[in-house]
Amino acid sequence: MRTKSLLSKSRSPLGGVLALFVGVALAVTPHTAEAQDNGTWWDPDDPRIGLGAGFFDAETASWNMRHLSNSPRPDAFTNPDNPGDLNFANSDMGFQGNRVVVGNFAGFMIYDISDPANPELEVQVVCPGGQGDVSIFGDLVFMSVEQARGRIDCGPQGTDGSVDPERFRGVRIFDISDIQNPVQVAAVQTCRGSHTHTLLDSPHDAENVYVYNSGSSFVRPGEELEGCVPERPEDDMDTSLFRIEVIQVPLDNPADARVVSEPRIFADQDTGRLDGVQPSGRSRESNHCHDITIFPDIGLAAGACSGNGILLDVSDPANPVRVDYVSDENFAYWHSSTFNNDGSTVIFTDEWGGGTSARCRAEDPYEWGANALFRMVDGRMEFASYYKLPVPQEATENCVAHNGSLVPVPGRDIKVQAWYQGGVSVFDFTDPENPYEIAYFDRGPIDDEQLYTGGFWSTYWYNGYIYGTEIARGLDVFELEPNEHLSENELAAARLVTFDEFNPQHQPTIEWPADVSVARAFLDQLERGEGMPADRIAEVRDVLLTLDGEAESDTVHDRMRDLYLELRAEAEDMADSRRVLMLADAIHALAHEAHHGQAHHHDEMP
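This structure is a prediction, so every number in the text was calculated from the model and none was measured.

Undergrad: Any details on the overall build of the protein chain? Residues and values, ideally.
TA: Broken down by element type, the protein chain carries 5 helices and 32 strands. The C-alpha atoms of the protein chain give a radius of gyration of 25 Å, which matches the 25 Å a tight globule of 606 residues would have. Accessible surface, the protein chain as shown: approximately 23200 Å² in total, 47% of it carbon and sulfur. For the protein chain, the distance from the average position of its 42 positive side-chain charges to the average position of its 101 negative side-chain charges is 5 Å.

Next comes the structure, spelled out in structure tokens:
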């Protein structure tokens, strides 16, 4: 159900203390982009409308997800006089084991999340320079630095003038093998700094990890960094515009990290013209990428590149090649991207207003500041639909599409996404033409009279929980709850998927182990979508009950094998034949597990 917290409406952005959540039940209406009876694209009774303001005591609204914890930023990463000071903004995050690295424009923090309901701050590294986006790989933490105030030595005093030999703009690399004493081991300078970066661990190169760097700021002068050329291509073909950088990091000596290529991914592939990828409508010029999301197992990357969405072949990590690009007249700034798990759909986000403006107001068009969903057809991207946060926000709330990840429910494409002060939205895009919301969490604005930049920068599913970096309010942790759109079996199957590491803009293939909850998840989906007769669903559920306590018996193996063969034969006549085949494959995996488990059991017998 939806709940709306009954909390005080503070008029001060710094007022109050972290409040307890007290809920009241409200009616549930699935959210879509379809017009309501009053002509709007939102439900006028949505509890997110009109939430009271406050810093830690804002009103909240949630639906189908539970807020577990909030960890405010430490003092070193705050400006008590201005909660929206971007020099201390929380940014992106990366995960490893029971830790999350939280980036900040002033450095980064590492939290122990062994207990997601009670994260513990382990490490603080103060190293100003923004953007602060982070990734983690083994004992290495990578951090993007873009602002001109960044120094090689991480000093807080900043830099002076247009040329300063102490200035650092690029990708920092820290060794955290001694978790309590991180050490910067490399600082790779780039001409436009690093707004974001993406790690690529190539299956063909175990000795190196590659970093795709996206610099979106001004080009520094060549007097400060040799080779930097601020002129446009019509004036100088060596321009530092219209390219990305690929950094190679030797894993046995990260200090030797260096830029190994500067791919001209925007060039016209026939004429060589550097600005060969053209935007349309409202979009900005494509002379850089913002985010580049890499899916190593399919050898592709989706670049959200200012004015266009670009598809790259990254099978040769140092030399990505553009294979397709799209434009959209409704997009202002192509910001980030997400593939679904089989690579058949890709989502691009539009960061209209740069993330610091109110772009989810009632008067803002639904198609602006939204997601655009594309189907992959014969290696090309074809537009399917838009998805935008389906509720208006206040004029004092910066709100637009931002970062998120897949929720690993088998048989479905589900994404959790941040919308700055629009909160968190979880939506199903299994049918790319008809995405719809299935859960959310939202706070009221930081202040109801002035816009302070805040809200969720990123929200990611990691090993059973949703983690959100809130720009001004810290680290939040959530848990999805069973509901009419998402069953307990589906959530149980999603929780089976665990990663040792998980980084922004890096998509691993999601695989589910042989487990009865996966088969039960498919049955719940078939029931919800009427994809199989109800009596047959009940029969299969009864058969699956026999697995309880007998998972490794020969009898179970034979029963699962027979059921698998039956479902394969029946699938063609079912309303949702594709999902019936998925169910059959899940049962086949159970039969295989039962057979091998029993064989292993016999081998151990005296």
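There is more to say, and it comes next.
Undergrad: Residues and numbers for the sheet that holds strand β23 (residues 371-377), please.
TA: Reading across the sheet, the 4 strands line up as β21-β22-β23-β24 and stay open at both edges, with antiparallel pairing between neighbours. The open sheet has two edge strands with one neighbour each: β21 (334-339) and β24 (380-387). The mean inter-strand angle of the sheet, taken between neighbouring strand axes irrespective of direction, is 25°.

Undergrad: Break down the packing of aromatic side chains for me, with residues and values.
TA: Scanning all chains against the criterion turns up 27 aromatic pairs. Arranged with centres 4.4 Å apart and planes meeting at 50°, the rings of Phe-331 and Trp-334 form a pair that is tilted. An identical accessibility class is assigned to Phe-331 and Trp-334; each is buried. A ring pair is formed by Phe-427 and Phe-429, whose centres lie 5.9 Å apart and whose planes are at 50°; its orientation type is tilted. Here Phe-427 and Phe-429 have matching classes, each one buried. Each member of the aromatic cluster is reached from another via a ring pair, and the members are Phe-95, Tyr-460, Tyr-462, Tyr-467, Phe-499 and Phe-502. Residue placement shows Arg-282 over the ring face of Trp-352; its charged tip is 5.1 Å from the ring centre. Against the face of Trp-352 rests Arg-359, its NZ or CZ located 4.6 Å from the ring centre.

Undergrad: Residues and numbers for the sheet that holds strand β32 (residues 501-502), please.
TA: Pairing within the open sheet is antiparallel, and its 5 strands lie in the order β8-β7-β6-β5-β32. Each of the sheet's edge strands pairs with one partner strand only, and the pair in question is β8 (120-126) and β32. Judged from the 5 bridges that link them, strand β5 (residues 90-96) and strand β6 (residues 99-104) form a sheet pairing that is antiparallel. Residue pairing for β6: Phe-95 is matched across the bridge by Val-100.

Undergrad: Please give an account of the nonpolar core that cites residues and values.
TA: Among the nonpolar cores identified, the biggest contains 51 residues, and Phe-95, Val-100, Val-346, Phe-348, Phe-374 and Met-381 are the most heavily contacted of them. In terms of nonpolar packing, the next biggest core, distinct from the first, is built from 29 residues, Val-518, Leu-526, Met-532 and Met-560 among them.

Undergrad: Outline helix α3 (residues 534-545), listing residues and values.
TA: Over its 12 residues, α3 runs 17 Å from end to end, which matches the ideal 16 Å to within 8%, given 1.5 Å per residue. Here α3 has its buried residues at Arg-536, Ile-537, Val-540 and Leu-544. Along the axis of α3, the buried positions cluster into a sector of 105°, meaning they face one direction only. Turned more than 90 degrees off the buried face of α3, the exposed positions are Ala-534 and Asp-535.

Undergrad: Pulling in residues and values, what's your account of the environment of Ser-177?
TA: Mapping Ser-177 onto the fold places it in the loop between β11 (170-175) and β12 (183-189). Between the C-alpha atom of Ser-177 and that of Gly-138, which follows or precedes it by 39 residues, the distance is 8.5 Å. A polar contact of 2.6 Å, which involves the side chain of Ser-177, links it to the side chain of Asp-175.

Undergrad: Account for the side chain of Arg-412, with residues named and values stated.
TA: Among the structural elements, Arg-412 can be located in the loop between β25 (404-406) and β26 (414-418). Given a relative accessible area of 9%, Arg-412 falls into the buried group. At a separation of 2.8 Å, a polar atom in the side chain of Arg-412 contacts the side chain of Asp-428. For Arg-412, the side chain forms a polar contact with the main-chain oxygen of His-485, separated by 2.7 Å. Once you skip the residues sitting within four places of it in the chain, Arg-412 turns out to touch Asp-428, Thr-430, Tyr-436, Ile-438, His-485, Leu-486, Glu-490, Gln-525, Arg-528 and Arg-579.

Thresholds applied
- Residues numbered from 1 in each chain as written.
- Predicted model: local features only at pLDDT ≥ 70, side-chain atom pairs only at ≥ 80, totals over all residues.
- Heavy atoms only, no water.
- Helix = DSSP H or I, 4+ residues; strand = E, 2+ residues; numbered from the N terminus.
- Rg over C-alpha atoms; globule rule 2.2 N^0.38 Å.
- Areas by Shrake-Rupley, 256 points an atom, 1.4 Å probe, with all protein chains shown as cover.
- Lys, Arg positive; Asp, Glu negative; His and termini not counted.
- Charge placed at Lys NZ, Arg CZ, Asp CG, Glu CD.
- Pairing = 2+ DSSP bridges.
- Axes fitted to C-alpha atoms, helices over the stretch in contact; angles between N-to-C directions.
- Phe/Tyr/Trp six-rings, centres within 6.5 Å; stacked < 30°, edge-to-face > 60°.
- Buried < 20%, exposed > 50% of the residue type's maximum accessible area, 1.4 Å probe, protein only.
- Lys NZ or Arg CZ within 6 Å of the ring centre and 35° of its normal.
- Core = buried A, V, L, I, M, F, W, Y, C linked by side-chain atoms within 4.5 Å.
- Expected span 1.5 Å × (residues − 1).
- Arc of directions from axis to C-beta.
- Polar contact = N/O pair within 3.5 Å; in protein donor to acceptor, adjacent residues only side chain to side chain.
- Contact = heavy atoms within 4.5 Å.

Distances and angles like these do not, on their own, reveal function.
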